[in-house]
Amino acid sequence: MATHFDADPTLSMRVRKLMEPVWADRRVGAAVALAVTAGCGLVQGRRTPRGPLTSTESLDTMLLCLLVGVATGFILRSRWAMLAAPVVVVVVFEVTRVGTDGPTVDEISTSAYGILAFLVGRGFHALLALPAMILGAAIGAGAARRLTRSPDDTHRAGAGVVVRRVVAALMAVALIALAVLIARPAGTTPIQASDGEPATGSIAELTTVETGDKDLGIMLRGVDVEKPVLLFLAGGPGGSELGAMRNHLQELEEYFVVATLDQRGTGTSYPELDPASTLTLESSIEAAITVTNALRERFDEDRIYLMGQSAGTIHGVLAVQQEPELYHAFIGTGQMVSPLETDTIFYRDTLAWAAQNGDTELVEELERIGPPPYASMRDHETALSHEHQVYPYDHTGGSEGEGEPLEDFLVPEYTLTDQVHLLGAFMDTFSVIYPQLQDTDFRTDVTSLDVPVYFVQGAHEARGRAEPFAEWFELLEAPVKETTELSTSGHRPLFEQPDEFVAYLRDTVLARDAAVPSGRPVGGRIHHDSRRSCSSVQDQPRRRYRIRPTRGGHPAP
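Rules behind the numbers
- Residues numbered from 1 in each chain as written.
- Predicted model: local features only at pLDDT ≥ 70, side-chain atom pairs only at ≥ 80, totals over all residues.
- Heavy atoms only, no water.
- Patch = residues over 30% accessible without salt bridge, like charges linked within 9 Å, V, L, I, M, F, W, Y side chains within 5 Å.
- Areas by Shrake-Rupley, 256 points an atom, 1.4 Å probe, with all protein chains shown as cover.
- Salt bridge = Lys/Arg side-chain N within 4 Å of Asp/Glu carboxyl O.
- Lys, Arg positive; Asp, Glu negative; His and termini not counted.
- Charge placed at Lys NZ, Arg CZ, Asp CG, Glu CD.
- Helix = DSSP H or I, 4+ residues; strand = E, 2+ residues; numbered from the N terminus.
- Buried < 20%, exposed > 50% of the residue type's maximum accessible area, 1.4 Å probe, protein only.
- Pairing = 2+ DSSP bridges.
- 1 Å grid on protein atoms, 1.4 Å probe; cavity = no way out; pocket = protein on both sides within 12 Å on 5 of 7 lines; lining within 4 Å.
- Points joined across faces, edges and corners; volume = space filled by probe spheres on them.
- Nonpolar A, V, L, I, M, F, W, Y, C, P; charged D, E, K, R; others polar.
- Phe/Tyr/Trp six-rings, centres within 6.5 Å; stacked < 30°, edge-to-face > 60°.
- Lys NZ or Arg CZ within 6 Å of the ring centre and 35° of its normal.
- Axes fitted to C-alpha atoms, helices over the stretch in contact; angles between N-to-C directions.
- Parallel < 35°, antiparallel > 145°, perpendicular 65-115°, else oblique.
- Left-handed = near helix turned anticlockwise from the far one by under 90°.
- Contact = heavy atoms within 4.5 Å.
- Expected span 1.5 Å × (residues − 1).
- Core = buried A, V, L, I, M, F, W, Y, C linked by side-chain atoms within 4.5 Å.

A word on a negative patch on the surface
Now for step 1: A cluster of acidic residues, Asp359, Glu361, Glu364 and Glu367, forms a negative patch on the protein surface.
Now for step 2: Considering the arrangement of structural elements, one finds Asp359 in the loop between helix H11 (339-356) and helix H12 (360-369).

Set out below in structure tokens:
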């Protein structure tokens, strides 16, 4: 196979002269190759300690590793570079990122969560980096051998060489195909009118919101930008629900401008996780309030609706408690009250279930780790990952079917890199935030709220959540408080019974809010009647916030 060196003898001579000091002494060559590969590992370890988390980082990783492979193979003039280069890069990378914490970067575990964390963390990074580096090393070594071959050498390629070239060509095609998939941008489908064109006054955007020094991903969708704004905080902590909102709650867009936030460290906001030490419950609440104000400014609203699911309800309730004047009402679904008590009940019920079913291995492991709270994600996995077996119910009638389907990941609102990292983002963010929630108990911390509160719970909610919620609901004082139960749902009623959920928000929450006049602030607190509470913020100065469109969709005109 002819090369550019073959076509240009002058260039070939110059390159040979340039490389002569390196090729003349193998120790020099090895040292230079070591410096190149170690530098690659160092750069990646510092720039992307959790591996590539965005499409750009993924493509950069592939290109960098290809070039480093070419350089190493060319310097060593040996196919051994195909092994040596990846080994050095991996070792240096792992050493450099020591101090970064989370299941996807910690020591490898053979548990189900551990294997999953390995696949979406180290596994995905290896898929991007190692084949490109190995291919590059093969190309570089081959080019060096051709360059140093004697002009009198008329050696013809044997069968082994042909096979290697075919394999290299197939690998190159596979890497190009992978790069094309990674490069696919995220986007959200415009809301269409009857003529197939984007509906006038609608909005369909993927955007980011600046919260301090972090840009958080958010999806904005609504048939009419004049509708009330609803900010949704997903559960976990660490979950992203762009897919579930698109697959199951499109009807909600007819009545609200629905703002689905990927909180810091989750989904499309996973690249904003580090430094993880600065991610706290307090910073999460502050971020939710910042996003609220950005939405108020963007859509010229005095107040918006705030909705949380599962762990998102903790952030939501505390944001409403802190800044009630920003919100029409709070809607909680799969409401959390005391994570520690929930986990303790789960632990006891799982231990009893394991004993009843003769699972002595699980019983011994549960007794070894003891009851919560836990500092380790592995202990959480052992004690809390059997919920569907301990509290079974028939999921088949629900919109989501059995559990949370893969289809919620496979939506165009995520890039391929986002999709790969959804579960890794959940695990890494959960491991940071969840231990901080163990002292939270709304039965003592939040006994009153100054906005109407509505709760949509599943009839089959696990008792570890249902019992603390029932106790808190009785204690809670609010202008309006109401709870409703959806008959075939468990912890995710908004996605399991979306039609009933939307009907409740339309016919109860919106209807009640529209029917009652605004109250006025009295004595620094919100005055309310028996139906609702609200306060005017029209005269209050507003800070400036930015919502910056970043990815495809149809913005409001």
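That covers the picture; the talk isn't over yet.
A closer look at a positive patch on the surface
Now for step 1: On the surface, Arg79, Arg145, Arg149, Arg164 and Arg165 cluster together into a positively charged patch.
Now for step 2: When you line up the elements, Arg149 lands in the loop between helix H6 (112-148) and helix H7 (159-183).

Quick word on the pairing of strand E5 (residues 304-309)
Now for step 1: Most of E5 is tucked away, with six of its six residues classed as buried.
Now for step 2: Judged by which residues are buried, E5 turns out to be covered on both faces: Ile304, Leu306 and Gly308 on one side and Tyr305, Met307 and Gln309 on the other are all buried.
Now for step 3: In terms of strand pairing, strand E3 (residues 229-233) meets E5 through four bridges, oriented parallel. Each bridged residue has a counterpart across the sheet, and for Leu231 the counterpart in E5 is Leu306.

Remarks on a nonpolar patch on the surface
Now for step 1: Judged by side-chain polarity, Trp80, Leu83, Val87, Val91 and Val95 come together as a nonpolar surface patch covering roughly 550 Å² of accessible area.
Now for step 2: Relative to the helices and strands, Leu83 is located in helix H5 (residues 81-96).

Re empty space enclosed by the protein
Now for step 1: One pass over the full model with this rule turns up four cavities of 30 Å³ or more.
Now for step 2: Reported here for the largest cavity is a volume of approximately 80 Å³.
Now for step 3: Around the largest cavity, the lining residues are Ala234, Gly235, Pro237, Gly238, Gln263, Arg264, Thr266, Leu279, Ser284, His315, Thr429 and Ile433.
Now for step 4: The residue inventory of the lining of the largest cavity, partitioned by class, reads four nonpolar, seven polar and one charged.

With respect to the environment of Asn293
Now for step 1: Topologically, Asn293 is positioned in helix H9 (residues 281-299).
Now for step 2: Sequence spacing of Asn293 and Leu326 is 33 residues, and the spatial spacing of their C-alpha atoms is 7.8 Å.

Details of the packing of aromatic side chains
Now for step 1: Scanning all chains against the criterion turns up 11 aromatic pairs.
Now for step 2: When the ring of Phe232 is compared with that of Phe495, the centres are 6.4 Å apart and the planes differ by 85°; the resulting orientation is edge-to-face. Separated by 263 residues along the polypeptide, Phe232 in strand E3 and Phe495 in helix H18 (residues 493-496) bring together distant segments of the chain. An identical accessibility class is assigned to Phe232 and Phe495; each is buried.
Now for step 3: Where Phe455 meets Phe469, the ring centres are 5.1 Å apart and the plane angle is 70°; that geometry is what we call edge-to-face. Taken together, the residues span a long stretch of sequence, with Phe455 in strand E7 (residues 453-458) and Phe469 in helix H17 (residues 463-475) at a distance of 14 residues. Here the two residues Phe455 and Phe469 agree in accessibility, since each one is buried.
Now for step 4: Taken together through their ring pairs, the aromatic side chains of Phe442, Phe455, Phe469, Trp472 and Phe473 make up a single cluster.
Now for step 5: The ring of Phe473 has Lys481 sitting right over it, with the charged end atom 4.8 Å from the ring centre.

Some words on the packing of helix H3 (residues 26-47) against H5
Now for step 1: Between H3 and H5, the least distance of the axes is 7 Å, while the angle of their chain directions is 40°. On the basis of their axis angle, the class for H3 and H5 is oblique. Crossing handedness for the pair H3 and H5: right-handed. Counted together, Leu34, Thr37, Ala38, Cys40, Gly41, Leu42, Gln44, Gly45 and Arg46 of H3 and Ala85, Val88, Val89, Val92, Phe93 and Thr96 of H5 form the full contact between these two elements.
Now for step 2: When its residues are assigned to classes, the contact of H3 with H5 shows nine nonpolar, five polar and one charged.

Some details on the side chain of Ser284
Now for step 1: By the secondary structure assignment, Ser284 is in helix H9.
Now for step 2: Judged by its relative accessible area of 11%, Ser284 falls in the buried class.
Now for step 3: Dropping the residues within four chain positions of it, Ser284 is found in contact with Leu279, His315 and Ile433.

Some points on the packing of H6 against H7
Now for step 1: Following both chains from N to C, one finds H6 and H7 inclined at 145°, their axes separated by 10 Å at the closest point. In the crossing of H6 with H7, the sense of the turn from one axis to the other is left-handed. Note on element contacts: H7 touches H6 through Ala168, Met171, Ala172, Leu175, Leu178 and Ile182, opposite Leu127, Leu128, Pro131, Ala132 and Leu135.
Now for step 2: Grouping the constituent residues of the contact of H6 with H7 by class yields 11 nonpolar, no polar and no charged.

Here we look at helix H4 (residues 55-76)
Now for step 1: For H4, with 22 residues, the first-to-last C-alpha span of 32 Å sits near the 32 Å given by 1.5 Å per residue.
Now for step 2: Three or more residues of H4 are buried, namely Ser55, Glu57, Ser58, Thr61, Met62, Cys65, Val68, Gly69, Thr72, Gly73, Phe74 and Ile75.
Now for step 3: With its phi angle positive at about 55°, Arg77 sits one or two positions after the end of H4.

Focus: unusual backbone geometry
Now for step 1: Cis geometry marks the peptide bond from Gly236 to Pro237, where omega comes out at -5°.
Now for step 2: One can find Pro237 in the loop between E3 and helix H8 (242-248).
Now for step 3: Across the junction of Asp274 and Pro275, the peptide omega takes the value -5°, indicating a cis bond.
Now for step 4: Residue position: Pro275 is located in the loop between strand E4 (257-261) and H9.

Digging into the pattern of salt bridges
Now for step 1: This structure, assessed with the given rule, holds 23 salt bridges.
Now for step 2: Between Arg246 and Glu413 there is a salt bridge; the shortest N-O distance is 3.0 Å. Residue Arg246 is found in helix H8, and its partner Glu413 is found in the loop between helix H14 (387-390) and helix H15 (416-433); the two are separated by 167 residues along the sequence. With respect to burial, Arg246 and Glu413 carry one shared label: buried.
Now for step 3: With a closest N to O distance of 2.7 Å, Asp507 and Arg506 form a salt bridge.

Observations regarding H11
Now for step 1: A rise of 1.5 Å per residue sets the reference length of H11, with its 18 residues, at 26 Å; its end C-alpha atoms lie 25 Å apart and thus fit the reference within 8%.
Now for step 2: Looking only at H11, the buried set comprises Pro339, Thr342, Asp343, Thr344, Ile345, Phe346, Tyr347, Asp349, Thr350 and Ala354.
Now for step 3: Of the surrounding secondary structure, the elements contacted by the buried residues of H11 are helix H10 (312-322), H12, helix H13 (377-384), H14 and H17.
Now for step 4: One or two residues past the end of H11 sits Gly358, with phi positive at roughly 70°.

Quick word on the nonpolar core
Now for step 1: Residues Ile218, Leu231, Leu295 and Trp472 are the most contacted members of the largest nonpolar core, which totals 57 residues.
Now for step 2: Top element by residues in this core is H9. It accounts for nine residues.
Now for step 3: Apart from residues no more than four positions distant in its own chain, Leu231 is found in contact with Ile218, Ala259, Leu261, Ala288, Val291, Thr292, Leu295, Ile304, Tyr305, Leu306 and Met307.
Now for step 4: Core analysis: the second largest hydrophobic core is formed by 33 residues, Met219, Met245, Val411 and Tyr414 among them.

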